[in-house]
Structures are given as C-alpha cells and as structure tokens.
Amino acid sequence: MSPLTDLGSFLAHAVVLEDEAATRYRELADAMAVHNNPDVEALFRKMSEYSDMHRADAIEHAEQHAGGLPDLKPWEFEWPGDESPESGRLESTHYLMTPYHALELALEAEEGAFAFYSSIAGQTGDPAIRELAEEFSAEEKQHVEALKKWIAQYPEPPENWDDDLDPPVPVD
Ligand code: ZN
C-alpha cells in the first residue's frame, strides 16, 4: 500500500512522521533545558505540541475518511531514503549540543518532512491525498521558515566550540 495511492497509508506515514518529530523535539527541548536556554527550549516544546496535534488530526482523518489507520509493518512504509524524514539524524545528537546545532538538527528534519509531503503532492494521482499532502507540506514549510529565523539569532559557533570542555573519560 503506497502512500501515493492509498489515503490510509499516506496518513499512517504522517502519523509516524509526526510521532518521531514530537519525540525528537522533546529530546531537543530537554537538551536545551540542560544548557539553560529557556527560549529555545520553549520553542521546541511548542513544536512538539504541534506535532502531537498533527498526529491526532491524521488519526482522526483516517478514522473519518479511510476506515481507520492501516496497521503497516515497518517494511511496508515507503520513505524516500531509509529513515522517516522528520526524525533527524540520531547520530547528530551531541551531549554538548548548542542552540545552533539543535536548531540545525530540527531544520533538517522539517526540511525532510517538507520534501516528503511535497513529493507525495507532486506525484499522487489521488485528489484527496494530494489535497492533504499540499496542506501538510505548507505547514512544514512554515516550520522550516520559523526555524530559519531562530537560526539567524543563534549563529554557528566556531569550529573548536567544544575543545575546551571536558570530554567524558572513556573507562576501559
Ligand atoms: Zn514539522
């Protein structure tokens, strides 16, 4: 069941994407709490709430228009690339993450989500899927724009930004 041809499948993809986004934003918010940056922390908490809302909307839409969410197995999802787009790269999570790095990670995930929805909107022949995919991609575009404004306020730290901090000592 491709998200291009099956509304339920498309919504199941949206649910996974928003679920992972909400989790990632909570992790990033926690990282910003550790770094004493309440402004960026609050931004990430708000973004995680948006993801929760979108997830709930997608489930409701599936119940009303697609006979509920299909129970897709992990290998039945069709993501461009191997990982769902909004998840961000896990290996990028750094224990010394600065607001800049956290915002960049969030931006990467939002750009992936935007690319996913807009590619569905551009490729599907199903008008109902296209309408939703266009709506979702417009929302992701707003998230991308919002994060870019934040990044402008938190410039990239110098190359050696973590050199002087004590790295964890490996125990062996
Ligand atoms: Zn988003």
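Residues numbered from 1 in each chain as written. Predicted model: local features only at pLDDT ≥ 70, side-chain atom pairs only at ≥ 80, totals over all residues. Heavy atoms only, no water.

1. Considering the confidence of the model for the protein
Of the residues in the protein, 84% reach a pLDDT of 70 or more, and the chain-wide mean stands at 86. Taken element by element, the protein is modelled with least confidence in helix H3 (residues 99-123), mean pLDDT 91, and with most confidence in helix H4 (residues 127-153), mean pLDDT 96. (pLDDT = per-residue confidence, 0-100. Helix = DSSP H or I, 4+ residues; strand = E, 2+ residues; numbered from the N terminus.)

2. A word on the environment of Tyr117
By the element assignment, Tyr117 lies in helix H3. Distance in space between the C-alpha atoms of Tyr117 and Glu139 is 9.9 Å, their sequence separation being 22 residues. The contact partners of Tyr117, leaving out residues within four places of it in the chain, are Phe10, Ala14, Leu17, Glu18, Ala133, Phe136, Ser137 and Glu140. (Contact = heavy atoms within 4.5 Å.)

3. Notes on the packing of helix H1 (residues 7-34) against helix H2 (residues 38-65)
Between H1 and H2, the least distance of the axes is 8 Å, while the angle of their chain directions is 165°. Here H2 runs roughly antiparallel to H1, going by the angle between their axes. Here H1 runs over H2; the crossing is left-handed. (Axes fitted to C-alpha atoms, helices over the stretch in contact; angles between N-to-C directions. Parallel < 35°, antiparallel > 145°, perpendicular 65-115°, else oblique. Left-handed = near helix turned anticlockwise from the far one by under 90°.)

4. Notes on the packing of aromatic side chains
With the rule as written, the count across this model stands at eight aromatic pairs. For the ring pair Phe77 and Trp79, a centre distance of 5.9 Å and an interplane angle of 0° mean the geometry is stacked. Of the two residues, Phe77 and Trp79, both sit in the buried class. Aromatic pair Phe116 and Tyr117: ring centres 5.5 Å apart, planes at 55°, arrangement tilted. The burial state of Phe116 is the same as that of Tyr117; both residues are buried. An aromatic cluster is built from Phe10, Phe77, Trp79, Phe116, Tyr117 and Phe136, whose rings are joined through pairwise contacts. One residue, Lys141, lies across the ring of Phe114, its end atom 5.0 Å from the ring centre. (Phe/Tyr/Trp six-rings, centres within 6.5 Å; stacked < 30°, edge-to-face > 60°. Buried < 20%, exposed > 50% of the residue type's maximum accessible area, 1.4 Å probe, protein only. Lys NZ or Arg CZ within 6 Å of the ring centre and 35° of its normal.)

5. Thoughts on a negative patch on the surface
On the surface, Asp57, Glu60, Glu63, Glu131, Glu134 and Glu135 cluster together to form a negatively charged patch. Contributing elements (two or more residues each) for the negative patch: H2 and H4. Along the chain, Glu131 falls in helix H4. (Patch = residues over 30% accessible without salt bridge, like charges linked within 9 Å, V, L, I, M, F, W, Y side chains within 5 Å. Areas by Shrake-Rupley, 256 points an atom, 1.4 Å probe, with all protein chains shown as cover. Salt bridge = Lys/Arg side-chain N within 4 Å of Asp/Glu carboxyl O. Lys, Arg positive; Asp, Glu negative; His and termini not counted. Charge placed at Lys NZ, Arg CZ, Asp CG, Glu CD.)

6. Observations regarding the pattern of salt bridges
In this structure the tally under the stated criterion is six salt bridges. Taking the shortest distance from any N to any O, the salt bridge between Arg24 and Glu27 comes out at 3.2 Å. Of this pair, Arg24 and Glu27 both sit in helix H1, three residues apart, which is roughly one turn of the helix. Residue class for Glu27 comes out partly exposed when judged on its relative accessible area of 37%.

7. Digging into the packing of H3 against H4
It is the contact of H3 with H4, at a shortest axis distance of 8 Å, that shows an interaxial angle of 160°. By the angle class used here, H3 and H4 are roughly antiparallel. In the crossing of H3 with H4, the sense of the turn from one axis to the other is left-handed. Partitioned by chemical class, the residues of the contact of H3 with H4 number 16 nonpolar, three polar and eight charged. (Nonpolar A, V, L, I, M, F, W, Y, C, P; charged D, E, K, R; others polar.)

8. What to know about the nonpolar core
In a soluble, globular protein the nonpolar side chains are often hidden away together inside. Within the largest apolar cluster, 21 residues are counted, with the highest numbers of intra-cluster contacts made by Phe10, Leu11, Tyr117 and Phe136. Elements that contribute at least two residues to this core include exactly H1, H2, H3 and H4. Counting residues per element, this core draws most heavily on H1, which supplies seven residues. Ignoring anything within four residues of it in the chain, the contact list for Phe10 reads Pro3, Tyr117, Ile120, Ile129, Leu132, Ala133 and Phe136. (Core = buried A, V, L, I, M, F, W, Y, C linked by side-chain atoms within 4.5 Å.)

9. Examining H1
Helix length check: H1, at 28 residues, gives a terminal C-alpha distance of 41 Å against a target of 40 Å (1.5 Å per residue), a fit within 8%. The backbone nitrogen of Gly8 lies 3.0 Å from a side-chain oxygen of the residue at the head of H1, namely Asp6. The positive-phi residue at the C-terminal boundary of H1 is Asn36, with phi of around 55°. (Expected span 1.5 Å × (residues − 1). Polar contact = N/O pair within 3.5 Å; in protein donor to acceptor, adjacent residues only side chain to side chain.)

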